[in-house]
Every structure is written in structure tokens, then in C-alpha cells.
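# Understanding the architecture of this molecule
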Amino acid sequence: MKVPFLDLGASYRELKSEIDTAISRVLDSGWYILGPEVEAFEAEWAEYCESNHAVGLANGLDALILALRALAVGPGDEVIVPSNTYIATWLAVSAVGATPVPVEPDPATHNIDPDRISAAITPRTKVLLPVHLYGQPADMDPILKLARKQNIAVVEDAAQAHGALYKNKRIGGHGDIVCWSFYPGKNLGALGDGGAITTNRADLADKVQVLRNYGSRVKYVNEVQGVNSRLDPIQAAVLRVKLKHLDEWTDRRRMIAGAYSENLKDSGLILPRVPDWADPVWHLYVVRSPERDALQKHLEEAGIGTLIHYPIPAHMQDAYKSLGMADADFPLASQLADEVLSLPIGPQMLPNDITIVNNQITLGASL
Ligand SMILES: *Cc1c(COP(=O)(O)O)cnc(C)c1O
């Protein structure tokens, strides 16, 4: 592979000595569940997100599930989700026994279209669950306004948006609870699974903290039926190292995205559009083309790794057959699944790699 989609090994190698020192510190401490390393990361992550509280969890899906449980969402409730998202957003809703109610994206940003949310709200709607997809913040103000007016909670899926800004404020405390994943490929990624929630509400932070540890505050005293979903202190130590480099790594992603946007502006591809109130962090650089499959094949033959986020929309997955939805019910999500292509992007990508991708796309477009 000349240009891999993402080189996780290169990320580790860049910080190897710092990361190895941090891991050794945890190993030497003799403290392997929760404890000071997790608490230190939680404090640093909350501060970075301009939020009052952070709670470290085992992964991003659990963050979404425990956020919904903390808000007492359950059977009979409905949660508004994007039709265009990673299936984890929907699975969290199903996991608590509630029903995902999809809303189509704004075709320009690929994020949930606030203007279409009202029509999907019913008396059973408990939560609006926007996703900051591809690292682009969703349009939060109209979403928050709608939620406040109708007394509905807002949970944000920020698994792709570490450090993104909405109207100059960090994603992390707009809604009631914000959910994070530290899966290795995310912008802030651990060397294994990890997740967290951030919130400005002490009551919700407390609920999630109790839920993640068997529903227990005091050992062997169980207040609620909790789960085991604790952030691993070794991963917390790794994340503390990487957090110090996050802004620099985001700047590199912005540079790569800028180079793509400049060089591909006449390529015929539909390029990402950034509203003026958004500072995205380019978790993914997603282009659109009706000739997507041919373009992907051409790039693959040229040794360039691309991915499709996502090839089958959630409403067409077998997992959601029981909802009885057809392709035509959410045509925008279905069309995106047929047309989107994610180009290589990552903090260790070299300027020459960008040139190779740009040249091959130009060549591919003229074939
Ligand atoms: C990665 C991701 C998740 C799930 O995170 P995990 O840590 O893999 O459980 C949820 N939502 C979105 C949008 C994601 O990209």
C-alpha cells in the first residue's frame, strides 16, 4: 500500500517514548482498575471539552447506552437519531429498549437536518441524539432550542469530533450528555477500547459513574442494576499523553483537508462543505461521486487506501429488519451510502502522500 487509509503504528511511533513511560508508570503503580490515572484523565478531558464533568468508560457504545440509562430512557420511549450515522448510535437506543426514530441529513453537511426534526417528534420522544459525523459539528442551536421548548433531553454522539468547535465553543457541553469513543482510529484514540461521557450536570455524571461500576458507590452496596464499563487505567495513561498532542494533530488534519479541498475543487467530486459556524476536526474527509465504486477501485489499484462510511445505512441492516423500513423511506441516507468515499487522512500522513492521492483522483476522474 503506497498510501494507507490510516497508519496507527505511525501514531504510536511518533510518541513511543512518552507512551511507554506512561504505561510503565501504571504497571509499576500496582493499581489496575479506575484509580488516580483514570481520575486524572477525566479531569483533563473535562477541562479540554470545556465541560464540568467527565466519566471514563469502556467504549463509545457504552457511553451512549449509559447516557440514555442515566436519562431513564427505556421501553416505549423514542429517540431521534440521524439516518446517516454509524450504527452504534442506533444500537445504543435499541439496547435500552427504546425505538430509534431516524431523521434525514442536510445534504450539504451530511449531519442531521434540524429542520426535519420537528416532524419526527411525538409525545414519546425522550431524547434528541445528534451525531457530529466525520468530525463536523451538527447544527446545535436549533436542536437545543427545539429540545428545550418540548422538554426533551439532548445526548450528543461525539465519537468522531474530539476538539471540534460549534460557534467557537468546544463540543463537549452543549447538550445534556456528550458521548465519546477512544477507539484507536478516532482523533483521540487509545491503544485498545475506551470511551467517556462529558456533561455539565453533576446529577448525570454521578448516575453514569455509579452505572459503570456495577451500580455501586460503596463496594458491595448496589443502588441500581449497573454494568462493568470502566476506562482501563493503562488506556487512560495513553490518552493523557495523546491529549497533549491532540491540537497539533488536529492542525495536521486541517492542513490535509485544506490541501484536498484546494486541489480537488475542479475534480467533479462533491467535496465536504463547512458551514461558517463550524470548526471541524476532519476525523474523515468524505467526498461524493455517483462513480464512487469505480473511483475506489482506481485508487485501490494505485495503492491508495479508502473506506466507505458507511456502505449500508442502519435502516437497511438486517439488525433493523424488524422496523420494516425500505430504502425509499430514507433516500438521502441511502444515496450517501452509494456515493460517499473517505480519502486517506491522519496526523502522520506526509505531504507527498497528499500529492499522490490528488494526482490519482485527477487521473481517475479523466479515465
Ligand atoms: C466509533 C463510533 C461509536 C462507537 O464507539 P466504540 O468505542 O467503537 O464503541 C459510536 N458512534 C460513532 C459515530 C462512532 O464513530
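Residues numbered from 1 in each chain as written. Predicted model: local features only at pLDDT ≥ 70, side-chain atom pairs only at ≥ 80, totals over all residues. Heavy atoms only, no water.

### As for the layout of surface pockets
The computed volume of the largest pocket comes to approximately 620 Å³. Looking at the largest pocket, it is lined by 31 residues, and the ones nearest its centre are Y86, Q160, Y183, K186 and Y310. Of all the secondary-structure elements, those providing two or more residues to the lining of the largest pocket are α4 (60-70), α5 (88-95) and β8 (177-181). (1 Å grid on protein atoms, 1.4 Å probe; cavity = no way out; pocket = protein on both sides within 12 Å on 5 of 7 lines; lining within 4 Å. Points joined across faces, edges and corners; volume = space filled by probe spheres on them. Helix = DSSP H or I, 4+ residues; strand = E, 2+ residues; numbered from the N terminus.)

### Some remarks on the packing of aromatic side chains
Applying the stated rule across the entire model yields ten aromatic pairs. Between W45 and Y48 the ring centres are 5.5 Å apart and the planes differ by 10°, which places this aromatic pair in the stacked class. Remark: Y48 and W45 occur in helix α3 (residues 36-48); sequence separation between them is three residues, near one turn of the helix. Here W45 and Y48 have matching classes, each one buried. Look at W45 and W180: their rings are 4.9 Å apart centre to centre, the planes differ by 85°, and that puts the pair in the edge-to-face class. Of this pair, W45 sits in helix α3 while W180 sits in strand β8, placing them 135 residues apart in sequence. Three or more aromatic residues joined by ring pairs make a cluster, and in this case those are F41, W45, Y48, W180 and F182. Note that R170 overlies the ring of Y48, its terminal NZ or CZ placed 3.9 Å from the centroid. (Phe/Tyr/Trp six-rings, centres within 6.5 Å; stacked < 30°, edge-to-face > 60°. Buried < 20%, exposed > 50% of the residue type's maximum accessible area, 1.4 Å probe, protein only. Lys NZ or Arg CZ within 6 Å of the ring centre and 35° of its normal.)

### Some remarks on the sheet that holds strand β5 (residues 153-157)
The sheet built from seven strands is open, its strands ordered β1-β9-β8-β5-β4-β2-β3 with mixed pairing. In this open sheet, the two strands that pair with only one neighbour each are β1 (53-57) and β3 (99-103). With direction set aside, neighbouring strand axes in the sheet form an average angle of 25°. Looking at chain direction, β8 and strand β9 (residues 195-199) are connected through four bridges and run antiparallel. By the bridge assignment for β9, V178 is matched with T198. (Pairing = 2+ DSSP bridges. Axes fitted to C-alpha atoms, helices over the stretch in contact; angles between N-to-C directions.)

### Considering the nonpolar core
Core analysis: the largest hydrophobic core is formed by 41 residues, its most contacted members being F41, W45, I117, W180 and F182. Looking at this core, the elements that each hand over two or more residues are α3, β3, α6 (140-150), β8 and α8 (233-243). Within the second largest apolar cluster, 35 residues are counted, among which are L57, V81, V96 and L204. (Core = buried A, V, L, I, M, F, W, Y, C linked by side-chain atoms within 4.5 Å.)

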